[in-house]
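The lines below spell out each chain.
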There are 2 protein chains.
Amino acid sequence: MSYSVHFLPDDVRVTVEEGDNLLDTAANAGVYIHAFCGGEGVCGKCKVKIEQGEVSATQATQLKSDEIEQGFRLACQSKVVSDLVVQIPETIRKDGKKLKRKPKTTRSISARSLDDLIGVWDVDPPVEKRFFALNPPTIEDNLSDLQRLTRAISKGCPECERPSYDHPELLQELPFTMRRANWEVTAIMLRGKRVEEPDRIIAVESGDTEDALYGLAVDIGTTTVCGVLINLNTGEVIAEASEYNGQIQYGEDVISRIIYSQRPGGLQALKERVIHTINNVIKTVCKKVSIVHDDISYIMAAGNTTMTHLLLGLNPKFVREAPYTPVCNEYPVARAALMGISAHPSVRLFLYPSVASYVGGDITAGVHACQMHKSPELTLFIDIGTNGEIVVGNQEWMICAACSAGPAFEGGGIKHGMRATSGAIEKFHIEPETLDPMIITINHAKPQGICGSGLISIVAELLEVGVIDQQGKFNRQLEHPRIREGYDSYEYVLAWAKDSAVDEDIVITEIDLDNLMRAKGAMYAGYQTLLESVSMTFNDLDRVILAGNFGNYIDLEQAICIGLLPDIDRDKFYYLGNASLLGAQISLTDHKRFLERTVVSKLMTNMELSENPNFMNHYMAALFLPHTDMSMFPTVQEKLPESSAK
Amino acid sequence: MSYSVHFLPDDVRVTVEEGDNLLDTAANAGVYIHAFCGGEGVCGKCKVKIEQGEVSATQATQLKSDEIEQGFRLACQSKVVSDLVVQIPETIRKDGKKLKRKPKTTRSISARSLDDLIGVWDVDPPVEKRFFALNPPTIEDNLSDLQRLTRAISKGCPECERPSYDHPELLQELPFTMRRANWEVTAIMLRGKRVEEPDRIIAVESGDTEDALYGLAVDIGTTTVCGVLINLNTGEVIAEASEYNGQIQYGEDVISRIIYSQRPGGLQALKERVIHTINNVIKTVCKKVSIVHDDISYIMAAGNTTMTHLLLGLNPKFVREAPYTPVCNEYPVARAALMGISAHPSVRLFLYPSVASYVGGDITAGVHACQMHKSPELTLFIDIGTNGEIVVGNQEWMICAACSAGPAFEGGGIKHGMRATSGAIEKFHIEPETLDPMIITINHAKPQGICGSGLISIVAELLEVGVIDQQGKFNRQLEHPRIREGYDSYEYVLAWAKDSAVDEDIVITEIDLDNLMRAKGAMYAGYQTLLESVSMTFNDLDRVILAGNFGNYIDLEQAICIGLLPDIDRDKFYYLGNASLLGAQISLTDHKRFLERTVVSKLMTNMELSENPNFMNHYMAALFLPHTDMSMFPTVQEKLPESSAK
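1. Section: the packing of aromatic side chains
And then number 1: Counted according to the given criterion, the structure contains 26 aromatic pairs over all chains.
And then number 2: Ring geometry for A:Y324 versus A:Y358: centroids 6.2 Å apart, planes at 70°, classification edge-to-face. Of this pair, A:Y324 sits in the loop between α9 (317-320) and β17 (334-335) while A:Y358 sits in the loop between β18 (348-351) and α11 (361-370); the two residues are 34 residues apart in sequence, bridging distant segments of the chain.
And then number 3: For A:Y358, a relative accessible area of 16% gives the class buried.
And then number 4: On the numbers, 6.0 Å between centres and 90° between planes, the contact of B:F428 with B:Y492 is edge-to-face. Taken together, the positions of B:F428 in strand β22 (residues 424-430) and B:Y492 in strand β26 (residues 490-495) put the pair 64 residues apart, joining distant regions of the chain.
And then number 5: Of the residues examined, B:F428 reaches a relative accessible area of 0% and is grouped as buried.
And then number 6: Ring-pair connections join several aromatic residues into one group, and the members of that group are A:Y524, A:Y527, A:F538 and A:F633.
And then number 7: Above the plane of the ring of B:F318 lies A:R179, whose end atom (NZ or CZ) is 3.5 Å from the centre.
And then number 8: The residue whose ring lies beneath A:R476 is A:Y490, and the NZ or CZ to ring-centre distance is 4.2 Å.

2. Here we look at the pairing of strand β26 (residues 490-495) of chain A
Residues and elements named next belong to chain A.
And then number 1: The buried count for β26 comes to six of six residues, which makes it a mostly enclosed element.
And then number 2: Alignment of strand β25 (residues 483-485) against β26, held across three bridges, turns out to be antiparallel. Each residue of the ladder has a partner; that of R484, found in β26, is E491.
And then number 3: Two successive antiparallel strands, β25 and β26, enclose a turn made up of four residues.

3. Topic: the interface of chain B and chain A
And then number 1: Between chain B and chain A, the residue contacts involve 41 residues of the former and 42 residues of the latter.
And then number 2: Between chain B and chain A we count zero salt bridges in total.
And then number 3: Between chain B and chain A we count 17 residue pairs in polar contact (both at pLDDT 80 or more) in total.
And then number 4: Ranked by the residues each element gives to the side of chain B that touches chain A, the list is headed by helix α5 (residues 168-180) of chain B, at seven residues.
And then number 5: Its residues assigned to classes, the side of chain B that touches chain A shows 21 nonpolar, ten polar and ten charged.

Scoring rules and cut-offs
Residues numbered from 1 in each chain as written. Chains lettered and ligands numbered in written order. Predicted model: local features only at pLDDT ≥ 70, side-chain atom pairs only at ≥ 80, totals over all residues. Heavy atoms only, no water. Phe/Tyr/Trp six-rings, centres within 6.5 Å; stacked < 30°, edge-to-face > 60°. Helix = DSSP H or I, 4+ residues; strand = E, 2+ residues; numbered from the N terminus. Buried < 20%, exposed > 50% of the residue type's maximum accessible area, 1.4 Å probe, protein only. Lys NZ or Arg CZ within 6 Å of the ring centre and 35° of its normal. Pairing = 2+ DSSP bridges. Contact = heavy atoms within 4.5 Å. Salt bridge = Lys/Arg side-chain N within 4 Å of Asp/Glu carboxyl O. Polar contact = N/O pair within 3.5 Å; in protein donor to acceptor, adjacent residues only side chain to side chain. Nonpolar A, V, L, I, M, F, W, Y, C, P; charged D, E, K, R; others polar.

If you want it as structure tokens, here you go:
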């Protein structure tokens, strides 16, 4: 159920879902409320007055009983359960005057969801079950057991090629399964990898088991492995699970994993870790719906090139060394159980093909999911991360590249950087006059550090109010307790030690700003280089698709403000979320889409940016907030304080 | 080099090859010479006088020096090295008169070799090697290693489907092989199982190894495993080896093997034994030509249904139980090394498809070898053995059946029966007047027993001279030291204890004759039943093809005489030898023939004789020598002594 929330005195109205957190609602609406503790309810700053309507709030010791009677609540502890009118209390400045609130000219906005554009896909999976009540053999009809089954399978289609069959293990059990089941069996059939290929019988079960047909889609991320269990008879996702990739103990990013893989036993250890993680995901999803892993008939996975190599035990040594050649880009279909995956011996593990060493199967799956390869619209597909991947193109051509953005977006190289887990500052607003922060943390836990989306948010806000300038330097003129010369460089205190979970002030430093600028500069230079290579500009783009979980948490306006995204019509932006997982899920469910996989990867041409001089030039020009060429960022130009402009 | 040998006084002239044994030559020509010791040179009976020409003879203590000077030699110790005139000495009877020699009216004859009819096959094997000097990768051309190779492979044919590739193990080594070889590599390609299937890369080797391409053809017999190593660049057989099937320790025939396979661990033990045997064959052929087993790129095998099941670890339980269903008739292509076969991990083991539980891949391979499925001539294909297999048909249809002949042809159920090994009596003639024998043993060793071909020979000769009658009973009227009432029944002494290697008289008994009649009766009834089922008779046959090693040793005239083969124009008979091995060899060498394999098996329709009433009637009628219906054996009728006729 939706409710309207009306913030006063800013006069901002938004529509939210029942149960949404009121502090989050304000933050998303660009309505500033003091919030120092991330939303945990301890700082007591986010006091608001509910003028109309009701909230469901946990009791807060920070409020006096008369305040509660007057309708005051802590926004961070309140959930919307009706239409609301919410009054933000006046801030009394040191000089005793009321602070005049300046509503933001631009609202925090999100990109649109791509759901409509992806369209629907058929529930017509590449694996199917077919039940047969066979005629028992007689002396006049004593075909082999396998022929008895294949004859029944091809009965409807006498001119069809007979289905082929599988590994000897299937045949070892077949005569006993058939007789035990009194000749009533269900065949699990894998449809051809190519259209012309006949179906393959991969397993035979006693009795009629057609109702139980499950598949698993897996995204093998460098950090996280996510799986969704799908009922292939309905296409529904019936369980989800995710888990940190167990390889993390051997290194945070792909490069450190590759280095580890070159140690004696390293490759095997990495392979075992990720398989262990996948097995945990399988265990979790199976438990959620009370099935056993043997009930899963089919696994479709996508991962970057290094992750896929490591999973298959292929040595990624030359992925890292120039000229960056993977062993292969199309991966052999693997028998999951033989690899050590908890799966029925018949189960195949299909892997999305890669395009190059740093444009992997996860990107192919993402492009496949959003059907870029079938759309006439010129699309820029972006997956932001340590290795940012960029694809530009449409149904006729696609060019792609990876740019090494560095780890800033994942919290690396940032003094208080952290992954996007509980306690990470993910949203930030600043009161333009008091320069006090409104910080929102993941799970509203006490702040522990800054995640990637928080970093973008912080830098954009500091830039907009002039705390930092376009070169990423602090305005040394400002006198404010939160702005100070720290141990390394100038810094802004996001959370005081008393409000934080880490017993020290959480700050953002000029060094952090430098690292962020390099990261966003690399991405932006990547877009430019790819577009330029096909003689196009940002103005030619019909769509910009943000893939990756990270993409979903980016405040679009703030990302444009710092120059991470191009300053074009906001309606062209779409969120795709975990596109890799989505691609795997679609392939798992729809055989027609499944067969497109390789077509997609073959349409994508890789471009190496690392030694491209144009890229380097664009990169240097992008080491500025948002960019040295402000004509590319007209809306940002408008809202930046004049003092900050060059 | 060929020489003419003229035997006197019989006035028989034959042409033989240089080095042929003179006793064998006489036996084959139907020229009787006393020979009691099988040809070992100890009995000294086979004394002949070389009237013209030279023989190469080992010195014989049985000859006096004046005899040697006069030109006497032991035939069994003499090799033909020039044109010869050979005088057989007169035999002096007890009454002092010279025995008048009666030259045989019908000569011992062999069927024709099928070589001409099989025709030639192409040297165009299903596996090939292709060398490539690849361009090393650069930053502008940094395809994956596999793509670099497949691009080179499909260079000559840009519109061709790219070859697929193989197991992950291949990919694990690929980047290192390529770099070590400085990008000069040889790909081993397996051509499609179907015409439309793209080639598959199964292995990649450093440098140019195109010259070394070997394949192994294997016949997996119940008794013997035979292998031939073929240079696939030339099609030549470069080494052969055979070895007793190691499963023999668990039973002589397929039924006892199936029974053993049902014991705990039995199936696995049988699988291991035959694989051990195959490995010995591989070791032997490789040693002969100084290659290692990893140099073999491809294995093509054929065996009966039970042997194939056991090799693959498929349970043959229901092969034995009515209604006799095998697990499958087309076998999965197996990775030889994974099964435990000494082979490179890339090597595939292809197995000839079966038709039914008792018409196996060996028969399919034989039919394939002789190209019955492409000939308009109506052909009867026979493989005589414990399980005799019969195929009738031509290019349009084929009907086949197995008949359980019992083990007589393999020495089973015969008092002094033995396998066709050293010391087995394989040829037999009898002097019609003295009733003394001319026995020839395998390797001319001292007689140890009787093998299948010897048994046929003995029975035919005893019948022809009236020692036995058409019911297989001894003529009790004859008084002769060799004919006597033995422990079990009447018997004829083939070799006295002093001339034998077993320290007892080697005899043939009436019980043996009974067993032989059942065996040959089952075969003959099988031919009749199959022909009748398609409303044909023996007169409609254009060809009779004798397959199996056994077939090559059968004296055609003698086999017809006892009713094992039909009494039709001798020119219609052909020998094919080990047809199963030949089929495997042809498939291994010629991809077009390779692709025909399954076509052949699908053209063959199996008929179950075991419960067929027509078969039973024919069988009962055939329990006679040669048959109760003598109108079917006109040439035998003519030569049988009147006393023997019913």
